[in-house]
Amino acid sequence: MPADAVGSLPGPADGLPPLVDHHCHGVLRHAPDPGTFAAYLTESDRPPAAGTTFFDTQAGFAVRRWCPPLLGLPAHCPPDRYLARRAGLGPAETRRRLLRATGIGTYLLDTGLPGDLTGPAETAADGGGAGFEVVRLETLAERLAAGTRDAEEFTDALARAVRDAARTAVAFKSVVAYRHGLALDPAPPAPGAVHTAARSWLAAGAPRLTDPVLLRHLVQLAVATGRPLQLHTGFGDPDLRLDHADPALLTDLVRTTADTGTDLVLLHCYPYHRQAAYLAAVFPHVYADIGLSLTHTGPRAAAVLAEFLELAPFGKLLFSTDAYGLPELYVVGSALFRTALGTVLGDWVSSGAWSAEDARRVGAMIAADNARRVYGLEGG
Amino acid sequence: MPADAVGSLPGPADGLPPLVDHHCHGVLRHAPDPGTFAAYLTESDRPPAAGTTFFDTQAGFAVRRWCPPLLGLPAHCPPDRYLARRAGLGPAETRRRLLRATGIGTYLLDTGLPGDLTGPAETAADGGGAGFEVVRLETLAERLAAGTRDAEEFTDALARAVRDAARTAVAFKSVVAYRHGLALDPAPPAPGAVHTAARSWLAAGAPRLTDPVLLRHLVQLAVATGRPLQLHTGFGDPDLRLDHADPALLTDLVRTTADTGTDLVLLHCYPYHRQAAYLAAVFPHVYADIGLSLTHTGPRAAAVLAEFLELAPFGKLLFSTDAYGLPELYVVGSALFRTALGTVLGDWVSSGAWSAEDARRVGAMIAADNARRVYGLEGG
Amino acid sequence: MPADAVGSLPGPADGLPPLVDHHCHGVLRHAPDPGTFAAYLTESDRPPAAGTTFFDTQAGFAVRRWCPPLLGLPAHCPPDRYLARRAGLGPAETRRRLLRATGIGTYLLDTGLPGDLTGPAETAADGGGAGFEVVRLETLAERLAAGTRDAEEFTDALARAVRDAARTAVAFKSVVAYRHGLALDPAPPAPGAVHTAARSWLAAGAPRLTDPVLLRHLVQLAVATGRPLQLHTGFGDPDLRLDHADPALLTDLVRTTADTGTDLVLLHCYPYHRQAAYLAAVFPHVYADIGLSLTHTGPRAAAVLAEFLELAPFGKLLFSTDAYGLPELYVVGSALFRTALGTVLGDWVSSGAWSAEDARRVGAMIAADNARRVYGLEGG
């Protein structure tokens, strides 16, 4: 029971409903070696610099703070000792112990990443909650392309696949920030242009999809379904150019989708989270995600959350962990969120700026209620 | 007497002179219905998202914190109860009670917004202070265009109107950030180009002015008068593209106006307030406004003010409320400013970083003295 | 002995090793008049605005906080009294007293600025430490150009001079941010293009170097030596366009230099320090400097340092003062660093987020160990 489990992590989590993690990924089914474990602590896809380790980061320190006690070790114990204990327990027991301590009751899981990872139902079962799928558009297109060389066939299959996915998945996700940058032509590409682009791409063997026409087409297909569309914005791995991932660059797309009835959820956002909060404040169909930004900033999570809470209407912010690969990242994401929320709202109540009742209500909105409403989940 | 009134609001306001609100707007003469009231709490010009309300924002919470006690209700009381009490008092009495509690002694009021709003003298009379006019350039041009179809006649009338306004108004304001963005060609457009642009615009029936040549011409006309020019920068309603409103984009205009003797005042600035503070630090004729940014960030006002105070020389920051429509926004803007100033400077004195005497002096500079000097007000 | 001297400044400096100031400049050999002194407190190259003084800035207040006690006066005493005392002591004694109080043991000094300034060995001798040279590329090119009119001769001499400098200097520095902006074509320019550009530049009398081909060529020459390359990013004097100095604009250059074995050190960074920290997080050869940003933000130094520490791996941040002209700026830079570090890490230890042992270790890394490793200094 997630609600019971809240108590297993320190922090002012009391009174929050089971969390809805509206954007996360599967975790490794097998036990990672130490180097693989460390690589999941960073957004870098490269080795650490000589003389440094990925454990010497806020994410590394946060794992050492929150996770060892859940496996019976003292907080801040050295990485080696933690990894040895983890290896002794095995991956399944580690997953179960860690996920059950997060207080997460619902997982909206992006299935578009590679690796031997747990799926939505499996992750949720480990954590004692419910799982739903988020479909990554670019992965969907790349998988379909593997089965065909014909552009017409491909585009038909793609349209069908997106429509089909909308029946079972709770949302779509676009990583156009990585593939092209967010300064996207917001107009739907003409059908002829889509076919031409598809033909070229398939002829080239359908490599990693970066064609702007096809990327725009994917976004438009998703918007047409009415399912919320999650868009990566802000920091991520170095494939991405940070300044091309400023969510303010999405303004034109935001304007042209304002009357479609489809909600846009800006993921991550950092260090442009104030820009994302602004868009959420002035456009009814725009929402902002606070995940990842908290996971990677450790004891600064309260400050970053507070910056989100400057302009963002309280009905527009959504909790997530963006955990990937390691169940530890679910622990860190949820523990930092609950600690940061308690610190920030607690301070505002103490100073008289907010009432305690408002703080409780807003906490529940960000933790779960907003996501339930936006994604149409039971109880929302 | 504003000085007496300071005590009516909680907060460490002691010792501040009557505030000079160097950028504000009129308030509604009539009683707003609940939906209209809520719409003034946001920069959005659209309805709230389904399941949300504009009261669930920092501006909404700040109104509920500061205003009910001024009308005899408990802080944080529900919106309905507050609005009922307000309706019972009537708009004139509400205005008087709220404005008299702000500690504002001088109002520099932008008269370029539509609506049945109080003017400078009227607003100041309600608040017990002095009122001055700030002339919005684009509105001036649009009003003049309504009376003529002849380009030559129009440009002559425009030049005359700007010169005339400079005799009575204390400053000009440009909203070129909304109409074009701040990446403006800083060169004065050639007279021939101005006439051509005016002809096209008038022939089209003089719609909302967005022609870059005419917008640049307006800026140059204002700069030539020597009156301070207020420029909207940073966040605002969704007409604006946030990334095109970064004050750093004004650098070329700042350079070309450096020796004109005219001061430029960067309004709002958020979330680019550190950029604005930088420009104020390195260019003698550039100033930065802290209004609006505080009103919309509630208990984060101290943090935002502190960010302004990193690079901005203390003689270069100006208080404002940017209040518009609701007298509540005057209350919130001034209360948050005084609370934030007390918190930030109080902490710096406690830690030994600043002396108490310096803190008192800098507080008075930002609250009133800088504005008196820049706008040439009595006592400045 | 720098280690002993740490105690002369207040602040939680206990336990830090002698600091390595990895980016600084010489100080004036002569006594500055009051106007010259004040001009060194700002990045502006212009006079203060009418009615204001450069002492009314965070840098001015920080000098008045930390320096008077080192010359036997009370903290926060008026500028005139401080300057009179300083004049009485004379420049040599003032330098000695102030530098010995900083706790800096190693000076990496950029020798590319004009003025009657102390050199690396001389500055280090005054402070009781060791000095090393950082060679500024653009100054090197401009000095060489003074001796020749022949493009071939010049480019040969330039290549030789960079190679020679790499034997004695510990690093190179580029101010391409000032001369062109950071959105640089990352490709090495073709030899023919370099010769053409050199010919034009020499024919024009070799004015201030702003030719993008020659600027890019300089960067490539430096990268080829394997010595760390310091790049100015973020704020500086108004020569620079702030938005063109966002380190994110360096992404392409960062990518093309990833496998050269040469480290890139992003200087200053503010207000784009979160962007710089991101680059340091995802690219092994990228480092970020926290100097200047602390010196100019006074009691906000802890907040700015904390923002750096969100994404930046702890092995990637480097202390500096960026002091220039006044020994006071060495005092302010080191005192603010030690105070900020003590505040930030102390809070994180108190809250349980970090262990005390980790905090001590990370403090030493930023203060000295990272710089020793990156620049190959003894003990590193």
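Note that this is a predicted model, so its numbers are computed, not measured.

Trainee: Any chance you could explain the overall build of chain A here in plain terms?
Mentor: The helix and strand tally for chain A stands at 16 helices and 8 strands. Against the 2.2 N^0.38 benchmark of 21 Å for 380 residues, chain A shows a C-alpha radius of gyration of 20 Å, consistent with a compact globule. Projected onto its principal axes, the C-alpha positions of chain A cover 60 × 50 × 40 Å. Going through the 380 residues of chain A one by one, you find that 65% of them count as buried. A sequence separation of at least 24 residues applies to 75% of the contacts in chain A between residues at least 6 apart. Positive and negative side-chain charges in chain A, numbering 33 and 40 respectively, have mean positions lying 3 Å apart.

Trainee: Hey, could you run me through the confidence of the model for chain A in this one?
Mentor: A low pLDDT means the predicted coordinates there should not be read in detail. Residues and elements named next belong to chain A. Put simply, chain A has an average pLDDT of 95, and 96% of its residues get 70 or more. Below pLDDT 50 for its whole length, residues 1-13 participates in 29 contacts with residues either more than four positions away or in separate chains. Scored as a complex, the prediction yields pTM 0.96 and ipTM 0.96.

Trainee: What's the story with the interface of chain B and chain A in this structure? I'm lost.
Mentor: One widely used convention gives an interface's size as the accessible area the parts lose upon coming together. Residue-level contacts link 36 residues of chain B with 35 residues of chain A. Of the roughly 2,900 Å² buried between chain B and chain A, counting both surfaces, carbon and sulfur atoms make up 55%. Its largest share of buried area at the contact with chain A, chain B owes to Phe61(B), Arg241(B) and Arg300(B), together 21% of the area lost on that side. Seen at the junction of chain B and chain A, the total is 5 salt bridges. Arg274(A) is paired through a salt bridge with Glu307(B); the nearest N and O atoms lie 2.9 Å apart. There are 20 residue pairs in polar contact (both at pLDDT 80 or more) connecting chain B and chain A. Taken together, the elements giving at least two residues each to the side of chain B that touches chain A come down to helix H3 (58-66) and helix H14 (301-311) of chain B. Take the side of chain B that touches chain A: its biggest share by element is 4 residues, from H3(B). Each residue belonging to the side of chain B that touches chain A can be placed in one class, and the counts come to 14 nonpolar, 11 polar and 11 charged.

Trainee: Whenever I open this one, the pairing of strand S6 (residues 264-268) of chain C confuses me. Can you help?
Mentor: Taken residue by residue, a regular strand's side chains alternate between the two faces of the sheet. All names here are of chain C. In terms of burial, S6 is a largely internal element, 5 of the 5 residues being buried. Across 5 bridges, strand S5 (residues 229-233) lies against S6 in parallel orientation. From the neighbouring strand, Leu 229 faces S6, where its bridge partner is Leu 264. As for the winding sense of the linkage, the β-α-β connection from S5 through helix H12 (residues 251-256) to S6 is right-handed. In terms of strand pairing, S6 meets strand S7 (residues 286-289) through 3 bridges, oriented parallel. By the bridge assignment, Leu 266 is partnered in S7 with Ala 288. Traced from S6 through helix H13 (residues 273-282) to S7, the parallel crossover comes out right-handed.

Trainee: Got a minute to help me understand the nonpolar core in this structure?
Mentor: For soluble globular proteins, nonpolar side chains are generally found buried alongside one another. Counting residues in each nonpolar core, the largest one holds 381 residues, and the members touching the most others are Phe337(A), Phe337(B) and Phe337(C). Apart from the residues lying within four places of it in its own chain, the contact partners of Phe337(A) are Leu16(A), Leu19(A), Ile290(A), Leu294(A), Phe319(A), Ile366(A) and Ala367(A).

Trainee: Hey, could you run me through the environment of His217(C) in this one?
Mentor: Residues and elements named next belong to chain C. Relative to the assigned elements, His 217 resides in helix H11 (residues 212-225). In this structure His 217 comes out as buried when scored by relative accessible area, which is 17%. C-alpha separation for the pair His 217 and Ala 187, spaced 30 residues apart in sequence, amounts to 9.3 Å. Residue contacts for His 217: discarding those within four places in its chain leaves Leu 158, Pro 189 and Val 194.

Trainee: Looking at this structure, how should I read the relation of the copies chain B and chain A?
Mentor: Each of the two chain copies goes to the other by way of a rotation about an axis and a shift along it. Placing chain B over chain A gives an RMSD of 0.0 Å and needs a rotation angle of 120 degrees, together with 0.0 Å of translation along the axis. Given the turn and translation reported, the copies of this chain are related as if by a three-fold rotation axis. Residue Ala303(B), judged by its C-alpha, is the member of chain B lying nearest the rotation axis, at 5.6 Å. Counting the interface residues of chain B, we find that no more than 3% of their copies in chain A are interface residues as well, pointing to two distinct contact surfaces.

Trainee: Explain the pattern of salt bridges to me, please; I cannot follow it from the model alone.
Mentor: Any two side chains of opposite charge can pair, on the condition that their charged atoms come close. For the coordinates displayed, the defined rule picks out 71 salt bridges over all chains. Of the charged contacts, one joins Asp164(B) and Arg167(B) as a salt bridge, the two residues approaching to 3.0 Å between their closest N and O atoms. Remark: Arg167(B) and Asp164(B) occur in helix H8 (residues 151-168); sequence separation between them is 3 residues, near one turn of the helix. Note on Arg167(B): relative accessible area 61%, which makes it exposed. Several salt bridges converge on common partners, so that one network encompasses Arg274(A), Arg300(A), Glu307(A), Glu310(A), Arg274(B), Arg300(B), Glu307(B), Glu310(B), Arg274(C), Arg300(C), Glu307(C) and Glu310(C).

Trainee: How do you make sense of the interface of chain A and chain C when you look at a structure like this?
Mentor: In this complex, chain A contributes 36 residues to the contact, which on the side of chain C involves 35 residues. Of the roughly 2,900 Å² buried between chain A and chain C, counting both surfaces, carbon and sulfur atoms make up 55%. Three residues, Phe61(A), Arg241(A) and Arg300(A), lead the burial of chain A against chain C; their summed loss comes to 21% of the area buried on that side. Between chain A and chain C we count 5 salt bridges in total.

Trainee: Sorry if this is basic, but what is going on with the pairing of strand S5 (residues 229-233) of chain B here?
Mentor: Residues and elements named next belong to chain B. Taken across its 5 residues, S5 has 5 buried, putting it largely inside the fold. Residue alternation in S5 divides its side chains into two sets, Leu 229, Leu 231 and Thr 233 and Gln 230 and His 232, and both sets are buried. The sheet contact formed by strand S4 (residues 171-174) and S5 spans 3 bridges and is parallel. Paired with Lys 173 across the strands is Gln 230, a residue of S5.

Trainee: Honestly, the sheet that holds S6(C) in this entry has me stumped. Any pointers?
Mentor: Whether parallel or antiparallel, the strands of a sheet pair through hydrogen bonds between backbone atoms. All names here are of chain C. If you walk across this open sheet you meet the 8 strands as S1-S2-S3-S4-S5-S6-S7-S8, and the pairing is parallel. What marks the edges here is a single partner per strand, and that holds for strand S1 (19-24) and strand S8 (317-318). In this sheet, strand S3 (residues 130-136) lies alongside strand S2 (residues 104-110) in parallel orientation, the contact comprising 5 bridges. Following the sheet pairing, Tyr 107 is matched in S3 by Gly 131. Each of S6 and S7 is contacted by H13, which is oriented at about 150 degrees to S7, the strand it contacts most.

Trainee: Honestly, the UniProt feature "domain: Amidohydrolase-related" (unreviewed entry) in chain A in this entry has me stumped. Any pointers?
Mentor: Sequence positions flagged by UniProt for "domain: Amidohydrolase-related" (unreviewed entry) are, in local numbering, residues 146-377 of chain A. Split by type, residues 146-377 of chain A is 51% helix and 9% strand. Its first and last C-alpha atoms lie 33 Å apart.

Trainee: Please clarify how the packing of helix H13 (residues 273-282) of chain A against helix H14 (residues 301-311) of chain A should be interpreted in this entry.
Mentor: A pair of packed helices is captured by two measures, namely the crossing angle of their axes and the spacing between those axes. Residue and element names in this part refer to chain A. Packing of H13 against H14 brings their axes to within 7 Å, and their N-to-C directions diverge by 30 degrees. Between H13 and H14, the angle falls in the class roughly parallel. Crossing angle aside, the handedness with which H13 passes H14 is right-handed. Contacts from His 273, Arg 274, Ala 277, Tyr 278 and Ala 281 of H13 reach H14 at Val 304, Glu 307, Phe 308, Glu 310 and Leu 311.

Trainee: Would you take a moment to explain the sheet that holds strand S7 (residues 286-289) of chain A for this structure?
Mentor: All names here are of chain A. In space, the 8 strands of this open sheet follow the order S1-S2-S3-S4-S5-S6-S7-S8, with parallel pairing throughout. At either end of the open sheet lies a strand with only one pairing partner, and these are strand S1 (19-24) and strand S8 (317-318). Relative to the sheet, helix H6 (residues 120-127) contacts strand S2 (104-110) and strand S3 (130-136), its axis offset from that of S2 by approximately 160 degrees.

Trainee: Honestly, H14(A) in this entry has me stumped. Any pointers?
Mentor: A large share of H14(A) lies buried, amounting to 11 of its 11 residues. Of the residues making up H14(A), those classed as buried are Ala301(A), Ala302(A), Ala303(A), Val304(A), Leu305(A), Ala306(A), Glu307(A), Phe308(A), Leu309(A), Glu310(A) and Leu311(A).

Trainee: Honestly, helix H15 (residues 327-350) of chain B in this entry has me stumped. Any pointers?
Mentor: Because the α-helix completes a turn every 3.6 residues, residues three or four places apart line up on one side. Residue and element names in this part refer to chain B. In this model, H15 (24 residues) spans 34 Å end to end at C-alpha, consistent with the 34 Å of a helix rising 1.5 Å per residue. H15 sits mainly inside the fold: 18 of its 24 residues count as buried. Directly beyond the C-terminal end of H15, a positive phi value near 90 degrees is found at Gly 352.

Conventions adopted
Residues numbered from 1 in each chain as written. Chains lettered and ligands numbered in written order. Predicted model: local features only at pLDDT ≥ 70, side-chain atom pairs only at ≥ 80, totals over all residues. Heavy atoms only, no water. Helix = DSSP H or I, 4+ residues; strand = E, 2+ residues; numbered from the N terminus. Rg over C-alpha atoms; globule rule 2.2 N^0.38 Å. Buried < 20%, exposed > 50% of the residue type's maximum accessible area, 1.4 Å probe, protein only. Contact = heavy atoms within 4.5 Å. Lys, Arg positive; Asp, Glu negative; His and termini not counted. Charge placed at Lys NZ, Arg CZ, Asp CG, Glu CD. pLDDT = per-residue confidence, 0-100. Buried area = accessible area lost by both parts, 1.4 Å probe. Salt bridge = Lys/Arg side-chain N within 4 Å of Asp/Glu carboxyl O. Polar contact = N/O pair within 3.5 Å; in protein donor to acceptor, adjacent residues only side chain to side chain. Nonpolar A, V, L, I, M, F, W, Y, C, P; charged D, E, K, R; others polar. Pairing = 2+ DSSP bridges. Right-handed = clockwise from strand over helix to strand, strands pointing away. Core = buried A, V, L, I, M, F, W, Y, C linked by side-chain atoms within 4.5 Å. Least-squares fit on C-alpha atoms with pLDDT ≥ 70 in both. Axes fitted to C-alpha atoms, helices over the stretch in contact; angles between N-to-C directions. UniProt positions renumbered as here; feature names shortened; annotations may be inferred. Parallel < 35°, antiparallel > 145°, perpendicular 65-115°, else oblique. Left-handed = near helix turned anticlockwise from the far one by under 90°. Expected span 1.5 Å × (residues − 1).

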